[in-house]
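Next come the chains, spelled out residue by residue.
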Amino acid sequence: QVHLEESGGGLVQPGGSLRLSCTASGGTGTLNIYSMGWFRQAPGKEREFVAAIRWNDDSKYYGDSVKGRFAVSRDNTKTTVHLQMNSLKPVDTAVYYCAAKSVGQGYSVTTSFPYWGQGTQVTVSE
């Protein structure tokens with residue numbers, strides 16, 4: 001099992017930036033991560049894919065609504081993924097969730113994540 005913890009959410013003005021972080025932990029052996037990603041969900045809306053990384057080759061994927069504004073990256077020192085969010089808009093307001101998939105749980109980088117964090121609130125407002 002993999003446990004995920006997000007941090008970095010908060011209140012920011014339109015046009016501002018935030019950097020979210022998510023660290024994976026769990027078990028006594030290798031986490032063996034295949035991909036980690038970010039999703040968001042606003043009240044009354046479906047959960048939306050934001051970004052993801054395939055761990056073996058650092059390939060990156062983005063949802064259309066955040067391309068050019070958000071950047072996903074990883075830390076090699078520990079199993080951590082970051083989401084740098086720039087040029088934030090009020091429509092970016094949502095709870096942002098970190099997700100992870102281990103090797104052997106499917107080849108899709110961006111879907112079917114078995115492990116989820118509790119989420120961190122991002123609010124973009126004056």
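Quick notes on the rules
All residue numbers refer to positions counted from 1 along the written sequence of the respective chain. Totals for whole chains, interfaces and linings use every residue, but because this is a predicted model, local features are given only for residues with pLDDT of at least 70 and side-chain atom pairs only at 80 or more, for both listing and counting. Values shown for side chains rest on all heavy atoms present in the structure; no hydrogens or waters enter the calculation. For this document, the term salt bridge refers to a Lys or Arg side-chain nitrogen within 4 Å of an Asp or Glu carboxyl oxygen. Going along the chain from the N terminus, every DSSP run of H or I of four or more residues is numbered as a helix, and every run of E of two or more is numbered as a strand. Type-normalised accessible area, obtained with a 1.4 Å probe on protein chains alone, sets the label of each residue: buried when under 20%, exposed when over 50%, and partly exposed for intermediate values. Side-chain rings of Phe, Tyr and Trp (the six-membered ring for Trp) are treated as a pair once their centres are within 6.5 Å; stacked means planes under 30 degrees apart, edge-to-face means over 60, and tilted covers the remaining angles. Any two strands with at least two DSSP-identified bridges between them are counted as paired. Helix axes are fitted only over the stretch in contact, all axes being lines through C-alpha atoms; the angle between N-to-C directions runs from 0 to 180 degrees. Here, nonpolar core refers to any group of buried Ala, Val, Leu, Ile, Met, Phe, Trp, Tyr and Cys residues whose side-chain atoms link them within 4.5 Å. Any two residues having at least one pair of non-hydrogen atoms within 4.5 Å are treated as being in contact.

Before going further, it helps to spend a moment on the pattern of salt bridges. Going through the model one piece at a time under the given rule, you end up with 6 salt bridges. Residues aspartate 92 and arginine 40 are paired through a salt bridge, measuring 2.8 Å at the closest nitrogen-oxygen approach. A residue pair is termed long-range when its members are at least 10 positions apart, and aspartate 92 in the loop between β8 (80-85) and β9 (94-102) and arginine 40 in strand β4 (residues 33-41) qualify at 52 residues. Across this residue pair, the class does not change: aspartate 92 and arginine 40 are buried. The partner of aspartate 92 in a salt bridge is arginine 69, with the nearest N and O atoms 2.7 Å apart. One end of the pair, aspartate 92, is in the loop between β8 and β9; the other, arginine 69, is in the loop between β6 (59-62) and β7 (70-75), with 23 residues separating them in the sequence. A residue is classified by how much of its surface remains accessible, and aspartate 92, at 0% relative accessible area, is buried. One salt-bridge network, held together by shared partners, links Arg40, Glu48, Arg69 and Asp92.

Attention now goes to the packing of aromatic side chains. Using the criterion set out here, one finds 5 aromatic pairs in the structure. Ring plane angle 75° and centroid distance 5.6 Å describe the contact between phenylalanine 39 and phenylalanine 113, whose orientation is recorded as edge-to-face. Placement of the pair is phenylalanine 39 in strand β4 and phenylalanine 113 in the loop between β9 and β10 (115-116), with a sequence separation of 74 residues. Of the two residues examined, phenylalanine 39 and phenylalanine 113, each falls in the buried class. With centroids separated by 6.3 Å and ring planes inclined at 75°, the aromatic side chains of phenylalanine 113 and tryptophan 116 adopt a geometry described as edge-to-face. Residue phenylalanine 113 is classed as buried on the basis of its relative accessible area of 8%.

Next up on the list: the sheet that holds β7. Strand order in the open sheet made by the 4 strands is β1-β3-β8-β7, with antiparallel pairing throughout. The outermost strands of the open sheet, each flanked by one partner alone, are β1 (3-7) and β7. Taken pair by pair, the neighbouring strands of this sheet meet at an average axis angle of 20°, ignoring direction. In terms of strand pairing, strand β3 (residues 18-25) meets β8 through 6 bridges, oriented antiparallel. Across the sheet, residue threonine 23 finds its bridge partner in β8, namely threonine 80.

Looking at soluble globular proteins, one finds that nonpolar side chains tend to be buried together. Ranked by internal contacts, the top residues of the largest apolar core, which has 30 residues, are Leu4, Met36, Trp38, Val81, Leu83, Met85 and Tyr96. The set of elements that each furnish at least two residues to this core consists of β3, β4, β5 (48-54), β7, β8, β9 and β11 (120-124). Non-local contacts of methionine 36, meaning those with residues more than four positions away in its chain, are made with Leu4, Cys22, Ala24, Ala52, Ile53, Trp55, Thr79, Val81, Cys98, Ala99, Ala100 and Phe113. Phe39, Phe49, Ala52 and Val109 belong to the second-largest nonpolar core, a separate cluster that totals 7 residues.

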